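# Structural overview
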There are 2 protein chains.
Amino acid sequence: MLGENADAIRRKIGRAVEVVAVGVRDAGKPRGISGAPLTTDVEAIVDDSQVEVVLELIGGLDPALSLVERALAGGKHVVTANKELIAKHGARLTRIATDRGVELHFEAAVGGGIPLVQPLRHQLAGNDVLRLIGILNGTTNVILTRMADQGASFEEALEEAQALGYAEADPASDVDGTDAAYKISILGGIAFGRWPDVDQIFREGIRAVQREDIRFADILGYRIKLLAIAEPHGDRAIIRVHPALVRKDHPLASVSGVYNALWVHGDFVGDVMFSGRGAGSEPTASAVVGDLIDIGRGTAGGGFGSVEPIEDGLDVLPIEEIRTSYYVRLIVPDRPRVLGAIATAFGEQEVSLSAMEMRVYDQAAELGEIVLMTHACKEAHFRAAVDSLVPSGCVVRVCNWLRVES
Amino acid sequence: MLGENADAIRRKIGRAVEVVAVGVRDAGKPRGISGAPLTTDVEAIVDDSQVEVVLELIGGLDPALSLVERALAGGKHVVTANKELIAKHGARLTRIATDRGVELHFEAAVGGGIPLVQPLRHQLAGNDVLRLIGILNGTTNVILTRMADQGASFEEALEEAQALGYAEADPASDVDGTDAAYKISILGGIAFGRWPDVDQIFREGIRAVQREDIRFADILGYRIKLLAIAEPHGDRAIIRVHPALVRKDHPLASVSGVYNALWVHGDFVGDVMFSGRGAGSEPTASAVVGDLIDIGRGTAGGGFGSVEPIEDGLDVLPIEEIRTSYYVRLIVPDRPRVLGAIATAFGEQEVSLSAMEMRVYDQAAELGEIVLMTHACKEAHFRAAVDSLVPSGCVVRVCNWLRVES
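Residues numbered from 1 in each chain as written. Chains lettered and ligands numbered in written order. Predicted model: local features only at pLDDT ≥ 70, side-chain atom pairs only at ≥ 80, totals over all residues. Heavy atoms only, no water.

### As for the sheet that holds strand S4 (residues 77–80) of chain A
Residues and elements named next belong to chain A.
- Taken in spatial order, the three strands line up as S3-S4-S5 in an open sheet, and their pairing is parallel. The sheet terminates laterally at strand S3 (53–56) and strand S5 (104–105), the two strands that pair on one side only.
- In this structure, S3 lies alongside S4, joined through four bridges in parallel fashion. When the bridges of S4 are listed, Glu-56 appears paired with Thr-80. (Pairing = 2+ DSSP bridges. Helix = DSSP H or I, 4+ residues; strand = E, 2+ residues; numbered from the N terminus.)

And the structure:
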């Protein structure tokens with residue numbers, strides 16, 4: 001990108017960007033980079049007095065953390081695409097950057113090329129952000145889209161995504177929600193002005209989502225998406241990552257495949273949505289070069305959403321304390337009074353039901369399948385009700401339950 | 001907004017925003033502004049040495065242009081929501097701002113509270129922007145949405161929109177495409193680095209869109225939207241505003257009612273879309289306060305997408321030279337050889353057809369109704385073909401034709 005769009009970038013910055021060196025693990029690997037010297041001595045790059053801006057595109061913490069810290073401490077601006085680095089060490093790194101009077105930018109860490117971090121820091125900065133809902137992981141969105149479109153199981157869809165290069169050989173960070181948790185942690189930090197502890201963020205991945213859930217959700221008018229949600233809650237925040245049912249008429253329901261999106265609700269702006277390709281080398285380049293141009297023109301500064309760096313200390317509510325609606329799929333004995341017993345079990349926890357679908361599951365075994373949806377209630381109450389179903393004898397098996405976001 | 005979110009805004013800027021004075025036409029009108037002195041002497045405000053930033057929220061050119069010029073020349077930063085001002089005088093005003101070393105910001109001029117201007121200037125700045133397609137006028141989107149959802153005529157939908165406050169008593173600037181032309185002119189100027197002459201921008205409003213067009217479009221799998229389109233074309237640009245058929249599976253097709261959206265295609269970022277409420281006092285406040293916070297933190301600067309102010313001189317292609325696809329609805333004699341004659345008329349202009357719907361229009365009069373869609377062709381050729389239909393005798397009447405964007 002720096003080569004192909006060099007003229008436009010020079011015009012925008014007012015001087016050319018010169019690539020001083022490219023640090024790599026294996027200098028022998030062909031990379032299609034012309035003109036710039038490759039080196040395996042990455043520490044020499046961050047110590048090089050000729051280098052004004054370091055682009056950190058390694059990922060993970062080792063050696064990225066020590067290199068970024070050293071670059072900032074040495075008075076160099078840093079652009080990084082590293083979500084784990086910022087989610088776990090954002091407070092410290094932004095503090096070093098502010099103390100040294102240099103810039104630390106990370107637009108590419110969330111949502112690939114979609115502008116998300118900077119619009120929250122700048123154009124939406126006057127708003128009290130009341131809710132962020134993101135589809136922030138492309139791999140899981142590809143898998144869920146394939147499950148919905150082709151009736152595939154999770155395992156089949158994952159294998160296909162791996163074959164097509166949309167999922168890694170070890171897909172755990174994506175499918176278990178860790179990647180999305182890093183990203184919503186960063187966005188929540190910017191929006192609420194304090195960094196949450198990423199370990200406090202509830203995460204539930206998509207391994208347990210079954211094609212039956214997707215089918216019932218469809219009948220009820222919903223799609224299932226891996227959502228990353230952040231909202232203020234008094235002095236604390238609710239931040240969580242989990243699959244959820246989304247009404248088909250919500251704009252997030254139409255975000256398919258490799259696309260990512262962030263829906264923002266601010267007290268003055270109302271609803272705003274940003275969408276686009278959330279990953280890939282070219283969208284990532286777009287975000288990194290955008291940050292680099294801002295640093296080059298000297299317009300990026302001014303702290304991290306506020307004049308002060310954002311500090312740690314945003315306390316996240318335990319998942320049991322949130323309030324939302326729920327979907328639950330049950331196998332029940334096909335006999336009278338079962339429905340009444342189930343409704344009573346929920347009623348005892350003050351959970352009221354909003355929708356129900358029922359069908360024969362196994363005629364010979366006299367089993368039925370019931371799908372219920374609840375009105376909003378406290379998660380602890382919902383869980384207590386679900387946990388009481390099998391022991392009470394009115395339910396044979398709880399197949400699955402999922403949260404519903406409206 | 002400055003009052004309600006004062007604490008958060010002060011924290012973000014590092015000092016409080018003090019409203020020195022509010023200039024109004026009628027100081028007696030109740031406005032719910034507490035604390036700030038109202039004055040009808042607006043010139044005194046822009047000359048007041050105590051004032052550091054002027055927010056221009058008057059609209060139109062008189063007296064906004066002279067006030068903004070005077071404020072900038074006097075060394076004051078300016079935030080404006082005035083699309084006409086920037087579309088017509090952006091080059092001169094940005095030049096004055098650059099010369100005086102002050103900021104001129106206008107995020108609210110396009111898309112209400114949706115961040116559009118600044119993401120194009122900053123996060124997407126490294127991209128060669130290959131296409132912008134916007135739904136940038138809420139009034140026409142409300143009218144078209146009502147026509148589609150309720151089968152209303154343009155006149156009925158306009159009246160309803162006026163009754164609900166979505167359309168002004170004189171709706172010309174909205175329904176004839178002028179408002180959208182100002183907005184796409186500004187976005188094109190930012191994206192392509194030179195301001196177009198807004199008078200060169202082709203604009204066709206929505207008065208001629210009939211409910212029959214919306215119905216046929218629906219059958220063919222399209223919605224009709226007032227689109228504002230900008231794309232580079234060699235050293236020139238194609239910039240135009242007109243109703244167009246949009247495939248239902250395109251994300252822009254789902255942008256309904258008061259919502260606005262901008263779809264950006266960049267060479268590296270790929271497709272990115274921004275959407276939200278495009279007008280209203282609260283979303284406008286969101287954008288204006290975002291600009292004000294940036295000025296307050298001193299992070300907004302660095303010219304207007306480049307280190308230099310953007311100059312005039314982006315030449316816009318005449319509409320006859322564009323290439324796109326078309327939809328046309330015809331009343332024809334219900335007799336043999338008519339279809340062949342129509343196909344021949346298009347063929348003679350090298351226009352090939354891609355889809356056709358036909359039905360009886362008036363059995364007694366032996367008239368049929370035909371809807372055709374073409375492959376992409378030069379607009380001059382399409383128009384020549386359409387103009388030849390009635391004279392050739394194979395068509396009784398050309399009811400309407402519209403462009404199709406894919």
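### What about the packing of helix H12 (residues 338–348) of chain A against helix H13 (residues 379–389) of chain A?
Residues and elements named next belong to chain A.
- Where H12 contacts H13, the two axes come as close as 8 Å, and the packing angle between them is 145 degrees. Considering only the axes of H12 and H13, their crossing is right-handed. Where H12 abuts H13, its residues Ile-342, Ala-345 and Phe-346 lie against Phe-382, Ala-385, Val-386, Ser-388 and Leu-389.
- Residues belonging to the contact of H12 with H13 are distributed by class as follows: seven nonpolar, one polar and no charged. (Axes fitted to C-alpha atoms, helices over the stretch in contact; angles between N-to-C directions. Left-handed = near helix turned anticlockwise from the far one by under 90°. Contact = heavy atoms within 4.5 Å. Nonpolar A, V, L, I, M, F, W, Y, C, P; charged D, E, K, R; others polar.)

### A closer look at the relation of the copies chain B and chain A
- Least-squares fitting of chain B to chain A yields an RMSD of 0.0 Å, with the superposition described by an axial translation of 0.0 Å and a rotation of 180 degrees. When the rotation and shift are considered jointly, the pair of chain copies conforms to a two-fold rotation axis.
- Interface overlap between copies is the fraction of interface residues in one copy that are interface residues in the other; for chain B against chain A it reaches 100%, indicating a shared surface. (Least-squares fit on C-alpha atoms with pLDDT ≥ 70 in both.)

### Notes on the pattern of salt bridges
All names here are of chain A.
- A complete count under the given rule lists 54 salt bridges over all chains for this structure.
- Close ionic contact of Glu-231 with Arg-131 constitutes a salt bridge, the shortest N to O distance being 3.0 Å. Here Glu-231, found in strand S9 (residues 222–233), pairs with Arg-131, found in strand S6 (residues 129–135); they are 100 residues apart in sequence, far enough to count as distant.
- Residue class for Glu-231 comes out buried when judged on its relative accessible area of 14%.
- For Asp-249, the salt bridge identified is with Arg-247, shortest N-O distance 3.1 Å.
- The class for Arg-247 is partly exposed, based on a relative accessible area of 41%.
- Each of the salt bridges in this network shares a partner with another, and the network as a whole consists of Glu-204, Glu-320, Glu-379, Arg-383 and Arg-403. (Salt bridge = Lys/Arg side-chain N within 4 Å of Asp/Glu carboxyl O. Buried < 20%, exposed > 50% of the residue type's maximum accessible area, 1.4 Å probe, protein only.)

### Some details on the pairing of S4(A)
All names here are of chain A.
- For the crossover that starts at S3, traverses helix H3 (residues 64–73) and ends in the parallel S4, the hand is right-handed.
- Sheet topology places S4 next to S5; two bridges connect them, and they run parallel. Along S5, the bridge assignment pairs Val-79 with His-105. (Right-handed = clockwise from strand over helix to strand, strands pointing away.)

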